Amino acid sequence: MKRDHNHLQPNPDPSSSLCGGSSTGKARLWEEEAAQQDCGMDELLAVLGYKVKTSDMAEVAQKLEQLEEVMCNVQDDGISHLASETVHYNPSDLSTYLESMLSELVPPAFDPFGAAGTTAAAAATGTLVDSFLPPAESSTLTTLDFENNNRKQIFDEASCSDYDLKAIPGKAIYDSLSSSTHGNVKSEKRLKPTSESPPDIFPPPPPASSFGIPTDSIRPVILVDSQENGIRLVHALMACAEAVQQNNLNLAEALVKQIGFLAISQAGAMRKVATYFAEALARRIYRLYPKNPLDHSLSDVLHMHFYETCPYLKFAHFTANQAILEAFEGKERVHVIDFSMNQGMQWPALMQALALRPGGPPAFRLTGIGPPSHDNSDHLQEVGWKLAQLAETIHVEFEYRGFVANSLADLDASMLDLRPSEVEAVAVNSVFELHKLLARPGAIDKVFSVVKQMKPEIVTVVEQEANHNGPVFLDRFTESLHYYSTLFDSLEGSVSSQDKVMSEVYLGKQICNVVACEGADRTERHESLTQWRNRLDSAGFSPVHLGSNAFKQAGMLLALFAGGDGYGVEENNGCLMLGWHNRPLITTSAWKPANDTTASASATSTVTH
Amino acid sequence: MARSNEVNLNECKMVVPLNTWVLISNFKLAYNLLRRPDGTFNRHLAEFLDRKVPANATPVDGVFSFDVLIDRGTSLLTRIYRPVTAEEPLPDVAELEKPVTAEVVPVIIFFHGGSFAHSSANSAIYDTLCRRLVGLCKAVVVSVNYRRAPENRYPCAYDDGWTALKWVNSRPWLQSRKDSKVHIYLAGDSSGGNIVHHVALRAIESGIDVLGNILLNPMFGGEERTESEHNLDGKYFVTLRDRDWYWRAYLPEGEDRDHHACNPFGPNGRSVEGIKFPKSLVVVAGLDLIQDWQLAYVEGLKKAGQEVKLLYMEQATIGFYLLPNNNHFHAVMDEISRFVGSDC
């Protein structure tokens, strides 16, 4: 076949100088290639989601060729192993990704323990304990055969209920258990509450952090309701918010009343969302600020209903646990510090997974941190007892301590009785807590620095995927209107109407906070992944990637939910996002202190040479 | 075996820029992992590996986008891309579906490629392509997130395309001022090109006006093995084996490649003679192994007396239109712009 190269533009050698093109066509082309050579990354591939340095292009091409060759020579099982057994990480970073694929195939790693001269990373990229969703053939867990020699028998033997591992633990664990046990649950430490700031009506927004977090200007929007009334309602809400922004309170008042009428005629999710936003606007206009913080027992109940109704919390717990499990691989003693203890719903699943670990479970220590309860009950203590009882039945050595704190910023590493990292591996977990710290200047920095002092193997962070913390009220209003509309829409398919209502109330409180509050009271300061990445990066953390196994299992988890069709998981540079109809709503990311050479590399994909 | 592969890889690298080669080879590698010999598809890994981008109501380079759920029953999403106007440089986020203002606004319904199994409307490669089309054609682009094989076989993709066409046609805000009608074009690459043809057929049956079809490297085939399939098998990223796999995944079980979905002017095809079929622009890459089928499609249209323009890009491989780093790309974009602009 004749090959005519004249009208082709082969990629120039990066080291050669550019020649100016004569025709417009060529000039356009050279322009593009010039752009490529300006910065490190190939811009054209970057737009398509791949990060490859121009200077690495040839090397990446070589790896692709090598892989192609190897895949031709390897049998079908090799390919299927790569597809189904291997854990893939961060496909955007092509060079590293291809390298890890190569290390899977060369030498042929059919040895399940990867003993034959493979690197630690290759072993780590092999099969992991898939214990959250066992294959269909596995039996229900009844008792576990463990040696109890070194395990302190602290509790009376509680009756052993059947645990169906297929069910994500929730209500089942919290059947009324006898409270005669007490045992190894340390008494709570109560930290000095920080002084309450005087109520401030429209204080200036808190100063941007010292390193200038850029506000994320990507606005992902999905329209789920194209009805005429819906549009009019949104208009009215926006107009009212604009009036508030301009401090035209008379107009705002008139508009907010109108919204009430319009909302009645609307159906479904839109009506409810509009009602919550209208109420929040009214509170702002009339300066009737909601009491903060919430009554704890009510907040607990709402939280639990939200947990049951829709997958958001379960996804958060599940993906965070997956990262923690990977980070704890090979560790004999582990310590989880949970910034978001609530009713401790995240931990039964992790404990069960640890119990099933080949080689036996590690000793598991849990430090739960939470806000004070109003009725003087020791709720953190109770939660600890229940988990202790679970630990007993599954034969996991367990230690617990609860800390009451008004703010995470009140915490100091010295309070936590940390043990040397060679002895005990630490994981720090935060689900929907970090954003609250942005309400007080300096708080987030303090917390980041304390976390680093904990020398964690991993820090798991789950946050809402939205920017509700911009400096302009109207922007926050618009963003949150779209966000919660999408969220409410996803609840519509819920089976239990009671759960749905409770979840809506739960979310309604957040809406109220975003719209009606300011200053230290406005704690729902959600920020996007891009923003959190910048913050964590600047604070000295580097990412730990979540891989295809977590992705797949999260996807399978979602399929268990009614109305599951609209939910989807997305991978974003090592983080996992849960979305509704492709609109990301929450993000799980994992981190560890940067330059931490002692931390295990097993959770990442980089092959160390 | 390794030796002939070496030759193939080197040949391949000669005809495309290096970053294009890396991009398409990476797809090829991933796709090899996803297709299972038993005909099933590793959907989880596919979604994990696919690079996606969110919609963005904030304009970037004069284009903003938003997703719309147009059919809840099938979770059918479309991503709509609109140009910013001089009057409204910042779109009103409260009313993204604001009526178009120009006398004539082409609305391009776009069907992404992926051989019926891969990619989505929010795949980065297609989001980027759709954004280009907006600026190029001063058009609104509606990218359809149709259901994919093998989980959803024929005719799901066509059904979704048809749903999208009806939806677009019935949007008052998409009507051109000139005649209060929606000026619709259908466009697609690979399987998307195939969908274009079949949706156009349905449009005619139902009396919806489609002003033009744009088919980029459209996916067609047949039982017969053609010369180009023999000559180019495995040489430029694509193998006959994988083509067969995708047809087996899309076509109803038990059907062969002479099914009219795959071979529209073949033994089971439907003639378009005497009907008001839209004018077509068909782009064929000279290094695409299925070009004989694509050329046969063009011939079929001509024989039926339909207006069709063929753009044969001799040294182009599949996917040349994904990166603006080659002459074929610019030539084709210019043609598309002329094709759509000719109705103004």
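Residues numbered from 1 in each chain as written. Chains lettered and ligands numbered in written order. Predicted model: local features only at pLDDT ≥ 70, side-chain atom pairs only at ≥ 80, totals over all residues. Heavy atoms only, no water.

Participant: Just checking my understanding: could you explain the overall build of chain A for this structure?
Facilitator: Within chain A, the regular secondary structure consists of 18 helices and 11 strands. Looking at the 609 residues of chain A, the share that counts as buried comes to 55%. Here the analysis covers contacts within chain A between residues at least 6 apart in sequence; of these, 79% occur between residues at least 24 apart. Of the accessible surface of chain A, which amounts to about 26,100 Å², a share of 53% is contributed by carbon and sulfur atoms. (Helix = DSSP H or I, 4+ residues; strand = E, 2+ residues; numbered from the N terminus. Buried < 20%, exposed > 50% of the residue type's maximum accessible area, 1.4 Å probe, protein only. Contact = heavy atoms within 4.5 Å. Areas by Shrake-Rupley, 256 points an atom, 1.4 Å probe, with all protein chains shown as cover.)

Participant: I tried to follow the interface of chain A and chain B on my own but got confused; where do I start?
Facilitator: Interfaces are frequently sized by the accessible area removed from exposure as the parts join. On the chain B side, the residues contacting the 74 residues of chain A number 65 residues. Between chain A and chain B the total buried area reaches about 6,300 Å² when both faces are included, carbon and sulfur atoms providing 63% of it. If you sort the residues of chain A by the area they bury against chain B, Leu 48, Arg 219 and Leu 223 of chain A come out on top, with a joint share of 10%. Between Glu 65 of chain A and Lys 13 of chain B there is a salt bridge whose closest N-O contact spans 3.4 Å. (Buried area = accessible area lost by both parts, 1.4 Å probe. Salt bridge = Lys/Arg side-chain N within 4 Å of Asp/Glu carboxyl O.)

Participant: Can you help me understand the packing of helix H11 (residues 312-327) of chain A against helix H18 (residues 548-559) of chain A in this one?
Facilitator: Helix packing geometry: the angle between the two helix axes and the distance between the axes. Residue and element names in this part refer to chain A. Packing of H11 against H18 leaves a shortest axis separation of 10 Å and a crossing angle of 155°. As far as their axial angle goes, H18 and H11 are roughly antiparallel. For the pair H11 and H18, the sense of crossing is right-handed. Packed against H11, whose contacting residues are Lys 314, Phe 315, Phe 318, Thr 319, Gln 322 and Glu 326, the element H18 presents Asn 549, Ala 550, Gln 553, Ala 554 and Leu 557 at the interface. (Axes fitted to C-alpha atoms, helices over the stretch in contact; angles between N-to-C directions. Parallel < 35°, antiparallel > 145°, perpendicular 65-115°, else oblique. Left-handed = near helix turned anticlockwise from the far one by under 90°.)

Participant: What is the right way to look at the pairing of strand E6 (residues 212-216) of chain B in this model?
Facilitator: Within a regular strand, side chains alternate between the sheet's two faces. Residue and element names in this part refer to chain B. Of all the five residues making up E6, five are buried; the element is thus mostly covered by neighbouring parts of the structure. Burial along E6 is two-sided: the face carrying Gly 212, Ile 214 and Leu 216 and the face carrying Asn 213 and Leu 215 are both buried. Here strand E5 (residues 183-189) pairs with E6 via five bridges, running parallel. Each residue of the ladder has a partner; that of Leu 186, found in E6, is Asn 213. You can see the chain leave E5, run along helix H6 (residues 191-206) and come back into E6, and the turn it takes is right-handed. (Pairing = 2+ DSSP bridges. Right-handed = clockwise from strand over helix to strand, strands pointing away.)

Participant: Can you help me understand the environment of Lys 309 of chain B in this one?
Facilitator: Residue and element names in this part refer to chain B. Within the fold, Lys 309 resides in strand E8 (residues 308-313). It is 34 Å that separates the C-alpha atoms of Lys 309 and Arg 35, two residues lying 274 residues apart in sequence. Discounting residues that sit within four places of it in the chain, Lys 309 has contacts with Ser 280, Leu 281, Val 282 and Glu 335. There is a polar contact of 3.0 Å between the side chain of Lys 309 and the side chain of Glu 335. (Polar contact = N/O pair within 3.5 Å; in protein donor to acceptor, adjacent residues only side chain to side chain.)

Participant: Honestly, the nonpolar core in this entry has me stumped. Any pointers?
Facilitator: Nonpolar side chains in soluble globular proteins generally cluster together in the buried interior. Among the nonpolar cores identified, the biggest contains 244 residues, and Leu 281, Tyr 312, Phe 364, Phe 477 and Ile 586 of chain A together with Leu 165 and Leu 186 of chain B are the most heavily contacted of them. It is helix H9 (residues 268-286) of chain A that contributes the most residues to this core, 11 residues altogether. Discounting chain neighbours no more than four positions away, the residues touching Ile 586 of chain A are Tyr 312, Phe 315, Ala 316, Phe 432, Val 462, Glu 463, Gln 464, Glu 465, Tyr 483, Leu 576, Met 577 and Leu 578 of chain A. Counting 29 residues, the second largest nonpolar core, distinct from the first, contains Phe 339, Leu 408, Leu 437 and Leu 438 of chain A. (Core = buried A, V, L, I, M, F, W, Y, C linked by side-chain atoms within 4.5 Å.)

Participant: Please explain the sheet that holds E5 of chain B as it appears in this structure.
Facilitator: Two pairing modes exist for strands in a sheet, parallel and antiparallel, and in both the strands are linked by backbone hydrogen bonds. The mixed open sheet is built from nine strands, whose spatial order is E2(A)-E1(B)-E2(B)-E4(B)-E3(B)-E5(B)-E6(B)-E7(B)-E8(B). Each having just a single partner strand, strand E2 (222-223) of chain A together with E8 of chain B make up the two edges of the open sheet. As defined by bridge partners, strand E3 (residues 106-111) of chain B adjoins strand E4 (residues 140-144) of chain B across five bridges and the pair is classed as parallel. Of the residues in E4 of chain B, the one forming a bridge with Ile 109 of chain B is Val 142 of chain B.

Participant: Help me out: how do you make sense of helix H4 (residues 124-137) of chain B in this one?
Facilitator: Every α-helix winds through 3.6 residues per turn, so residues three or four apart in the chain are directed the same way. All names here are of chain B. Between its first and last C-alpha, H4 extends 20 Å over 14 residues, near the 20 Å set by a 1.5 Å rise per residue. The element H4 is largely enclosed, with a buried count of 11 among its 14 residues. Positive backbone phi, approximately 50°, marks Lys 138, located one or two places after H4. (Expected span 1.5 Å × (residues − 1).)

Participant: What should I look at first to understand the packing of aromatic side chains in this one?
Facilitator: Here the distance between the centres and the angle between the planes together describe a pair of aromatic rings. This structure, assessed with the given rule, holds 29 aromatic pairs over all chains. Ring geometry for Phe 277 of chain A against Phe 477 of chain A: centres 5.4 Å apart, planes inclined by 80°, an arrangement best described as edge-to-face. With a gap of 200 residues between them, Phe 277 of chain A in helix H9 and Phe 477 of chain A in helix H15 (residues 473-491) connect regions that are remote in the sequence. Exposure remark for Phe 477 of chain A: the relative accessible area of 1% places this residue in the buried category. Their ring planes at 10° and their centres at 6.3 Å tell us that Phe 306 of chain A and Tyr 312 of chain A sit as a pair that is stacked. No difference in accessibility class separates Phe 306 of chain A from Tyr 312 of chain A, as the two residues are buried. Following the ring pairs from residue to residue traces out a cluster consisting of Phe 277, Phe 473, Phe 477, Tyr 483 and Tyr 484 of chain A. Looking at Lys 13 of chain B, its charged tip hangs above the ring of Trp 21 of chain B, at a distance of 5.2 Å from the centre. Above the ring of Phe 339 of chain B, the side-chain terminus of Lys 279 of chain B is found at 4.3 Å from the ring centroid. (Phe/Tyr/Trp six-rings, centres within 6.5 Å; stacked < 30°, edge-to-face > 60°. Lys NZ or Arg CZ within 6 Å of the ring centre and 35° of its normal.)

Participant: Explain the pattern of salt bridges to me, please; I cannot follow it from the model alone.
Facilitator: Where charged atoms from two side chains of opposite charge approach closely, those side chains can pair. This model, assessed by the stated rule, comprises 42 salt bridges over all chains. A salt bridge links Lys 272 of chain A to Glu 504 of chain A; the nearest nitrogen and oxygen atoms lie 3.0 Å apart. One end of the pair, Lys 272 of chain A, is in helix H9; the other, Glu 504 of chain A, is in helix H16 (residues 497-516), and 232 residues separate them in sequence. Note on Lys 272 of chain A: relative accessible area 16%, which makes it buried. For Lys 52 of chain B, the salt bridge goes to Asp 50 of chain B, with nearest N and O atoms at 3.1 Å. Note on accessibility: Lys 52 of chain B and Asp 50 of chain B belong to one class, buried.

Participant: Quick question: what am I supposed to make of the state of the cysteines here?
Facilitator: Each disulfide consists of one covalent bond between the sulfur atoms belonging to two cysteines. Residue and element names in this part refer to chain A. In this structure the tally under the stated criterion is zero disulfides over all chains. Not part of a disulfide, Cys 517 finds its nearest cysteine sulfur in Cys 512, a span of 6.2 Å. Overall, the relative accessible area of 2% leaves Cys 517 in the buried class. (Disulfide = S-S within 2.5 Å.)

Participant: Is there a simple way to think about the environment of Tyr 236 of chain B in this case?
Facilitator: All names here are of chain B. Along the chain, Tyr 236 turns up in the loop between helix H7 (227-232) and helix H8 (240-250). On the basis of relative accessibility, which here comes to 2%, the residue Tyr 236 falls in the buried class. Sequence spacing of Tyr 236 and Asp 288 is 52 residues, and the spatial spacing of their C-alpha atoms is 7.2 Å.

Participant: When you look at helix H17 (residues 529-538) of chain A in this model, what are you seeing that I'm missing?
Facilitator: Residue and element names in this part refer to chain A. Residues Leu 529, Gln 531, Trp 532, Arg 535 and Leu 536 constitute the buried set of H17. Down the axis of H17, the smallest arc covering the buried residues is 160°, so these residues share one side. Elements that come into contact with the buried residues of H17 comprise helix H14 (443-453), strand E7 (458-464), strand E8 (541-544), strand E9 (567-572), strand E10 (575-580) and strand E11 (583-593). Residue Gly 540 follows H17 closely and has a positive phi angle near 95°. (Arc of directions from axis to C-beta.)

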